[in-house]
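Structural description and commentary
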Amino acid sequence: MSHNTFGHLFRVTTFGESHGVALGCIVDGCPPGLPLEAEEIQAELDRRKPGQSRFTTQRREPDQVKILSGVFADDRTDGRQFTTGTPIALMIENTDQRSKDYSEIRDSYRPGHADYTYDAKYGIRDYRGGGRSSARETAARVAAGAVARKVIPGITIRAALVQMGPHAIDRSRWDWAETGNNPFFCPDAETAAFYETYLDGIRKDGSSVGAVIEVVAEGVPPGLGAPIYGKLDADLAAAMMSINAVKGVEIGDGFAAAALRGEDNADEMRAGNGGHPRFLANHAGGILGGISSGEPVVVRFAVKPTSSILTSRRSVTRDGAEVDLVTKGRHDPCVGIRAVPVAEAMMACVLADHYLRHRGQVGQQP
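Now for a look at the structure at hand. Keep in mind it's a predicted model, so treat the numbers as computed, not measured.

This paragraph deals with the packing of helix 1 (residues 38–48) against helix 7 (residues 339–362). Packed helix pairs are characterised by how far apart their axes lie and by the angle those axes make with each other. Where helix 1 contacts helix 7, the axes come no closer than 7 Å and their chain directions differ by 140 degrees. In terms of axis orientation, helix 1 runs oblique to helix 7. Classified by chirality, the crossing of helix 7 by helix 1 is left-handed. From helix 1, E44, R47 and R48 reach across to helix 7, where they touch P341, V342 and E344. Grouping the constituent residues of the contact of helix 1 with helix 7 by class yields two nonpolar, no polar and four charged.

With that out of the way, let us pick up the packing of aromatic side chains. Tallied over the full model, the rule gives six aromatic pairs. Ring centres of F184 and Y195 lie 5.9 Å apart, and the angle between their planes is 85 degrees; this geometry places the pair in the edge-to-face category. With F184 in the loop between strand 9 (167–168) and helix 4 (189–204) and Y195 in helix 4, the pair connects residues that are 11 residues apart, well separated along the chain. Put simply, the rings of F184, F194, Y195 and Y198 touch in pairs and so form one group of aromatic residues.

Read from one edge of the open sheet, five strands run 9-8-10-16-11, paired in antiparallel fashion. Both edges of this open sheet fall to strand 9 and strand 11 (246–251), since each of them pairs with a single strand only. Packed onto the sheet, helix 5 (residues 232–241) meets strand 10 (211–218), strand 11 and strand 16 (297–303) and runs at close to 155 degrees relative to strand 11. Of the strands in this sheet, strand 8 (156–164), strand 10 and strand 16 touch helix 7, which is tilted by about 140 degrees from strand 8.

So, on to empty space enclosed by the protein. For the coordinates displayed, the defined rule picks out three cavities of 30 Å³ or more. Quantified by volume, the largest cavity comes out at close to 80 Å³. Together, R48, A135, T138, I243, N244, V303, D332, V335, R338, A339 and V342 line the largest cavity. Taken together, the residues that form the lining of the largest cavity break down as six nonpolar, two polar and three charged. Considering the residues around the second largest cavity, the lining is formed by E44, V142, G145, A146, R149, P341, E344 and A345. Among the elements of the structure, helix 3 (138–151) and helix 7 are those that each provide at least two residues to the lining of the second largest cavity. Across the lining of the second largest cavity, the residue classes tally to four nonpolar, one polar and three charged.

Taking 1.5 Å of rise per residue, 16 residues should cover 22 Å, and helix 4 covers 23 Å from first to last C-alpha, within 8% of that figure. Within the sequence span of helix 4, burial applies to T191, A192, Y195, Y198, L199, D200 and I202. Measuring from the backbone nitrogen of E190 back to the side-chain oxygen at the start of helix 4 gives 3.1 Å, which picks out D188 as the cap. Taken from the residues just after helix 4, G206 is the one with a positive phi, measuring 70 degrees.

Any two side chains of opposite charge can pair, given that their charged atoms come close. As enumerated under the stated definition, the model contains 26 salt bridges in all. Salt-bridge contacts for D74 lead to R76; the nearest nitrogen and oxygen are separated by 2.6 Å. For the salt bridge of R357 with D353, the shortest nitrogen-to-oxygen distance reads 3.1 Å. In this pair, R357 and D353 both sit in helix 7, four residues apart, roughly one turn of the helix.

A few words on the sheet that holds strand 3 (residues 22–28). Strand order across the open sheet formed by five strands is 1-2-3-7-4, with antiparallel pairing between neighbours. On the outer flanks of this sheet lie strand 1 (5–6) and strand 4 (65–67), each paired with one strand and no other. Here helix 1 sits on the sheet and contacts strand 4 and strand 7 (88–93); the angle it forms with strand 4, its principal contact strand, is near 150 degrees.

Attention now moves to the side chain of R48. If you trace the backbone, R48 turns up in helix 1. Take R48: its relative accessible area is 2%, and that puts it in the buried class. For R48, the side chain forms a polar contact with the main-chain oxygen of A135, separated by 3.2 Å. Sequence-distant contacts of R48, defined by excluding residues within four places in its chain, comprise D63, A135, R136, T138, A139, V142, R338, P341 and V342.

Definitions and limits used
Residues numbered from 1 in each chain as written. Predicted model: local features only at pLDDT ≥ 70, side-chain atom pairs only at ≥ 80, totals over all residues. Heavy atoms only, no water. Axes fitted to C-alpha atoms, helices over the stretch in contact; angles between N-to-C directions. Helix = DSSP H or I, 4+ residues; strand = E, 2+ residues; numbered from the N terminus. Parallel < 35°, antiparallel > 145°, perpendicular 65-115°, else oblique. Left-handed = near helix turned anticlockwise from the far one by under 90°. Contact = heavy atoms within 4.5 Å. Nonpolar A, V, L, I, M, F, W, Y, C, P; charged D, E, K, R; others polar. Phe/Tyr/Trp six-rings, centres within 6.5 Å; stacked < 30°, edge-to-face > 60°. Pairing = 2+ DSSP bridges. 1 Å grid on protein atoms, 1.4 Å probe; cavity = no way out; pocket = protein on both sides within 12 Å on 5 of 7 lines; lining within 4 Å. Points joined across faces, edges and corners; volume = space filled by probe spheres on them. Expected span 1.5 Å × (residues − 1). Buried < 20%, exposed > 50% of the residue type's maximum accessible area, 1.4 Å probe, protein only. Polar contact = N/O pair within 3.5 Å; in protein donor to acceptor, adjacent residues only side chain to side chain. Salt bridge = Lys/Arg side-chain N within 4 Å of Asp/Glu carboxyl O.

Purely spatial values, then, with no claim about function.
Following this line, the structure appears as structure tokens:
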């Protein structure tokens, strides 16, 4: 299986399966001399790890990260670890696998899952928790994202769940501080309270529900990205689409821009400070012609309902026999919740890559 690497100068390769011994990543291209401790990576992983509320999978994984290479410390650094410019290997051990939960689907294809397509392509699949296709792989991305943030320290990246099922938040009540006060990373306290009752009902029905996640990067300098085939928004869209269960991505106003007139969609400008214009709106989501404008970069994506549910679904076996299938095991009733820190990580990795690419081509800090 190829295509486990993304990025050009800041390159991330992930490895591992849901029920394997461990998973992790190799981060290549990180500049030397950046302070990096395992505790900083762990702080990001702790936001994503499972089993933190009744609204996520009850699999109990500590997601304890180990830095295996790429850092150095001695008396000259006062014991602090710094990146050396060599590949950074990060490993997270799996400790709470229950592979027996999946024995009944060894030869059956779960509707909505990648079971059939993996089998059709490779002729073999790891059915234990979905193997490589499991969202467990995203833990490695979050670890890589923590490293990426070191490359772009002046940029603030935050994400939030802005819709669950058909129920969107009230944007007039948006408060970033609220995302840390509820189990949904929701910026609207009133809607977050509603989500508790709503998702409890979904979970008790043995079903699942989708979500919309919004990720915003502030402090992005103008100039990141390149025309035509190196567009910043194209790379962001690809990065977000690569997250498990994501079925659609939009930048800025996205699909809503199709309903606007030209005079409404175009972001007008006036003279600003520091030689940069001041934008009067941000319908473009901070990217024009594939290049960052200096406005906040705004990306949203849709996450489908978790396919592993307790409701019986019609399917077939590997041999073509028709079956009614119930997926046992421990699963997220709304996988979009834990996609929030993953979204931040993918934004960080793409921006770090484009930051280094800009510096390499233009020869100056953006």
